[in-house]
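Working through the structure, step by step
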Amino acid sequence: MNELPQQLVNGLLLGSMYGLVAIGYTMVYGIVQLINFAHGEIFMTGAFGALTVWLWLPGGTTMWIALPLMIVGAVIVAVAIAVGAERFAYRPLRTAPRLAPLITAIGLSLALQQAVWAWYPEAKSARTFPQIDGGPFEIGSVTIQTGDIFLVAAAPISMAILAYFVMKTRTGRGMQATAQDPDTAKLMGVNTDRIIVIAFALGAAFAAVGAVAYGLKYGEINFRMGFILGLKAFTAAVLGGIGNIYGAMIGGVVLGVAETLATAYIADIPGMNQFGSQSWADVWAFVLLILVLLFRPQGLLGERVADRA
């Protein structure tokens, strides 16, 4: 029990990263009812975009100067790929049967993995990600690693910006209208194609921020990093209620805390010690998803997707 505060903080940090990526899944699904399984790879390309900026900077550049530039680079790369995918891969299939864009998303996911591997052949194992100097920091009985400081600030700031954008801006209200009824929104003068592009771009931007947080937290990135994390982010979106932006972040936090506590404490149960290792963390995440789908299939906060049948 003495470790519980530390484990809760670890879970909150991990869940916040899941939530940042889950926002992209839930925004796109809420507007076009598309599960963009390539979103995990968009997250991955954001990490390599940040790394590319770091490698281009002059030697001796401090992280306090480099980090804002790396975030910009990550966002530019992720948004460019997401917008390109929407325009050339998904938009032509918008009226096709739902299986077609789903298969396209899986194919795009594999293509992005191979493209990054071709650009960074050494990423087949891992590439070292630059770190912030200093730390760790002690707050009572809780230790926060230096790499987590960025996530502590980025997650709430990102959610505040998103909430303001969706609730207070004209484009945000257009997104809400398109999500509720795209045909009626179009009749009312909303450019639904533009709204969909913005949804893809916003989701990619938040994924890029999450990718920088991942690199700072774990110290390395590789071209396969988006696959499992993307599945977990999708799980977080379903947990919170697919199409519900705030539910995506809450689902991510719940998933992160559950995964951390399960990894930390299940090993203490007699006869369960082999199920508490880190290798079982992914298993417990999907066990939680199955339980939620069995008992509350609409998610914790409920879906916000209009019935378009």
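Everything discussed here concerns the structure shown above.
Below, the structure is looked at part by part. (Residues numbered from 1 in each chain as written. Predicted model: local features only at pLDDT ≥ 70, side-chain atom pairs only at ≥ 80, totals over all residues. Heavy atoms only, no water.)

1. Re the overall build of the protein
Counting its secondary structure elements, the protein contains eleven helices and four strands. In summary, the protein has a C-alpha radius of gyration of 19 Å against a globular reference of 19 Å for 309 residues, a match within 12%. Summarising its shape, the C-alpha atoms of the protein cover approximately 60 × 55 × 35 Å along the three principal directions. Per-residue burial for the protein yields a buried fraction of 50% across its 309 residues. (Helix = DSSP H or I, 4+ residues; strand = E, 2+ residues; numbered from the N terminus. Rg over C-alpha atoms; globule rule 2.2 N^0.38 Å. Buried < 20%, exposed > 50% of the residue type's maximum accessible area, 1.4 Å probe, protein only.)

2. Remarks on the packing of helix H5 (residues 146-168) against helix H8 (residues 192-218)
One way to put it is that H5 packs onto H8 with a least axis distance of 8 Å and a crossing angle of 165 degrees. On the basis of their axis angle, the class for H5 and H8 is roughly antiparallel. The handedness of the crossing between H5 and H8 is left-handed. When H5 is examined against H8, the residues Gly147, Asp148, Phe150, Leu151, Ala154, Ser158, Leu162 and Phe165 are found in contact with a partner set consisting of Ile198, Leu202, Phe206, Val209, Val212, Ala213, Leu216 and Lys217. Looking at the contact of H5 with H8 residue by residue, the class counts come to twelve nonpolar, two polar and two charged. (Axes fitted to C-alpha atoms, helices over the stretch in contact; angles between N-to-C directions. Parallel < 35°, antiparallel > 145°, perpendicular 65-115°, else oblique. Left-handed = near helix turned anticlockwise from the far one by under 90°. Contact = heavy atoms within 4.5 Å. Nonpolar A, V, L, I, M, F, W, Y, C, P; charged D, E, K, R; others polar.)

3. Some details on the side chain of Gln6
For Gln6, the position within the fold is in helix H1 (residues 4-32). Once residues lying within four places of it in the same chain are set aside, the contact partners of Gln6 are Ser141, Val142 and Thr143.

4. Re the pattern of salt bridges
In this structure the tally under the stated criterion is five salt bridges. Among the salt bridges present, the one from Glu86 reaches Arg94, with a minimum N-O distance of 2.6 Å. Of the residues examined, Arg94 reaches a relative accessible area of 35% and is grouped as partly exposed. When the shortest N-O distance is used, the salt bridge between Glu259 and Lys232 registers 3.1 Å. On the criterion of sequence distance, the pair formed by Glu259 in helix H10 (residues 245-265) and Lys232 in helix H9 (residues 225-240) is long-range, its members being 27 residues apart. Both residues of the pair, Glu259 and Lys232, count as buried. What emerges from the salt-bridge pattern is a single network uniting Glu86, Arg91, Arg94 and Asp193. (Salt bridge = Lys/Arg side-chain N within 4 Å of Asp/Glu carboxyl O.)

5. Some details on the nonpolar core
Formed by 84 residues in total, the largest nonpolar core has its most connected members in Ile23, Phe43, Tyr90, Phe150, Met175, Leu216 and Ile221. Sorting elements by how many residues they give to this core places H8 first, with 16 residues. Residues contacting Tyr90, with those up to four places away along its chain left out, are Leu34, Asn36, Ala38, Ala85, Pro101, Thr104, Ala105, Leu108 and Phe200. (Core = buried A, V, L, I, M, F, W, Y, C linked by side-chain atoms within 4.5 Å.)

6. Points about a nonpolar patch on the surface
A cluster of nonpolar side chains, namely Val283, Val287, Ile290, Leu291, Leu294 and Phe295, defines an oily patch on the protein surface of about 580 Å² accessible area. Along the polypeptide, Ile290 turns up in helix H11 (residues 281-295). A relative accessible area of 48% means that Ile290 is categorised as partly exposed. (Patch = residues over 30% accessible without salt bridge, like charges linked within 9 Å, V, L, I, M, F, W, Y side chains within 5 Å. Areas by Shrake-Rupley, 256 points an atom, 1.4 Å probe, with all protein chains shown as cover.)

7. A few points about the side chain of Asp148
For Asp148, the position within the fold is in helix H5. A distance of 3.2 Å separates polar atoms of two side chains, one belonging to Asp148 and the other to Lys217. Those residues in contact with Asp148 that lie beyond four places of it in its chain are Leu13 and Lys217. (Polar contact = N/O pair within 3.5 Å; in protein donor to acceptor, adjacent residues only side chain to side chain.)

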